[in-house]
Amino acid sequence: CMMPHVIWIDHRQCYRIVTSAFVHGGFLHLGFNMYNFVFAGGRLEQMMGTVRFVNLIVVWVLVLGILYFVIAFVGALFQYARFWNECAVGFSGVLFAILTVDSFAAPLGTQFSMFGWQIPARWYPWAMLIFTQVLMPNVSFIGHLVGILGAFVFSHGLLDCFMLPPFVVLFLEKRAIKLALLRLPC
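Residues numbered from 1 in each chain as written. Predicted model: local features only at pLDDT ≥ 70, side-chain atom pairs only at ≥ 80, totals over all residues. Heavy atoms only, no water.

Trainee: Would you mind going over unusual backbone geometry in detail, with residue names and values included?
Mentor: Unusually for a residue other than glycine, Gln 79 sits at a positive phi of about 65°. Position of Gln 79 relative to the elements: it lies in the loop between helix H4 (50-77) and helix H5 (92-105). Overall, the relative accessible area of 71% leaves Gln 79 in the exposed class. Phi is positive for Phe 115, close to 55°, though the residue is something other than glycine. Topologically, Phe 115 is positioned in the loop between strand E1 (111-114) and strand E2 (117-120). (Helix = DSSP H or I, 4+ residues; strand = E, 2+ residues; numbered from the N terminus. Buried < 20%, exposed > 50% of the residue type's maximum accessible area, 1.4 Å probe, protein only.)

What follows is the structure, given as structure tokens:
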């Protein structure tokens, strides 16, 4: 799990920054994350293309893990050690980033439904953050918040240096299409 104080004590465990995104707290946690990934991830993948989407997911896993660590560290400096000692797992940070980018892409005036309530698209990630925290107080508040912050970082172009250049994306997409065509039964 993502445990900032453990990483601070033993730097060899910095792998937790990445691996914690792929560990879940049970089948319900995994199922809820995958449902949301299919719901919002599919739209974002269609907008970006598969290669850029996968590239962004990889970048977000790393950046959000580092951002989580930094926020927990700052909290600990100010005598708020809850997040410094928290054991956080799951893909929710990336999902909140996807939901936030999806809400940015929605035309002004668009509303998303959250359990029957219509919420303006721009406020949807914040509403989900509050909703999940109220409904499930044991979930990682910072884990979800860093997803929203990561989407803002991405939307302002601050992750562009980590994205594959367009010629590499085009090469990989063409290669994937050729491989898919070769596997088609005759």
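Trainee: Would you mind going over helix H3 (residues 27-48) in detail, with residue names and values included?
Mentor: In this model H3 runs 29 Å from its N-terminal to its C-terminal C-alpha over 22 residues, within 8% of the 32 Å that 1.5 Å per residue would give. At Gly 41, H3 shows its maximal kink, close to 35°. Every buried residue of H3 is accounted for by Asn 33, Asn 36, Ala 40, Gly 41, Leu 44 and Met 48. Turning to H3, the residues buried within the fold contact H4, H5 and helix H7 (141-155). A positive phi of about 95° marks Gly 49, the residue just after H3. (Expected span 1.5 Å × (residues − 1). Bend = angle between axes of the 7 residues up to and from the residue. Contact = heavy atoms within 4.5 Å.)

Trainee: Explain the pairing of E2 residue by residue, including any values.
Mentor: Taken together, the 4 bridges between E1 and E2 define a ladder with antiparallel strand orientation. Within E2, the residue paired with Met 114 across the bridge is Trp 117. The turn linking E1 back onto E2 is made up of 2 residues, and Phe 115 within it adopts a positive phi angle of 55°. (Pairing = 2+ DSSP bridges.)

Trainee: Could you give me a rundown of the packing of H4 against H5, with the residues and numbers involved?
Mentor: The interhelical angle for the contact between H4 and H5, taken along N-to-C directions, is 125°, at an axis separation of 9 Å. For the element pair H4 / H5, the angle class is oblique. In the packing of H4 onto H5, the handedness of the crossing is right-handed. Between H4 and H5, the contacting residues are Phe 53, Ile 57, Trp 60, Val 61 and Leu 64 on the first element and Gly 93, Val 94, Ala 97, Ile 98 and Val 101 on the second. When its residues are assigned to classes, the contact of H4 with H5 shows 9 nonpolar, 1 polar and no charged. (Axes fitted to C-alpha atoms, helices over the stretch in contact; angles between N-to-C directions. Parallel < 35°, antiparallel > 145°, perpendicular 65-115°, else oblique. Left-handed = near helix turned anticlockwise from the far one by under 90°. Nonpolar A, V, L, I, M, F, W, Y, C, P; charged D, E, K, R; others polar.)

Trainee: Mind laying out the UniProt feature "transmembrane region" (unreviewed entry) in the protein, listing which residues take part and the relevant values?
Mentor: Under the present numbering, the feature "transmembrane region" (unreviewed entry) in UniProt falls on residues 53-77, 83-102, 123-142 and 148-172. As annotated, residues 123-142 comprises 70% helix and 0% strand, and the C-alpha atoms at either end are separated by 18 Å. As annotated, residues 148-172 comprises 60% helix and 0% strand, and the C-alpha atoms at either end are separated by 29 Å. (UniProt positions renumbered as here; feature names shortened; annotations may be inferred.)

Trainee: An account of the side chain of Gln 133 is needed here, citing residue identities and associated values.
Mentor: Secondary-structure assignment places Gln 133 in helix H6 (residues 124-135). Judged by its relative accessible area of 18%, Gln 133 falls in the buried class. If we ignore the near neighbours within four places in the chain, the residues touching Gln 133 are Arg 82, Val 139, Ser 140 and Phe 141.

Trainee: Before we move on, can you summarise the layout of surface pockets with the specific residues and values?
Mentor: Of the voids in this model, the largest pocket is the one considered here, and its volume is about 720 Å³. Contributions of two or more residues to the lining of the largest pocket are made by H3, H4, H5, H6 and H7. With 6 residues, the top contributor of residues to the lining of the largest pocket is H5. Here the lining of the largest pocket is composed, by residue class, of 23 nonpolar, 14 polar and 1 charged. (1 Å grid on protein atoms, 1.4 Å probe; cavity = no way out; pocket = protein on both sides within 12 Å on 5 of 7 lines; lining within 4 Å. Points joined across faces, edges and corners; volume = space filled by probe spheres on them.)

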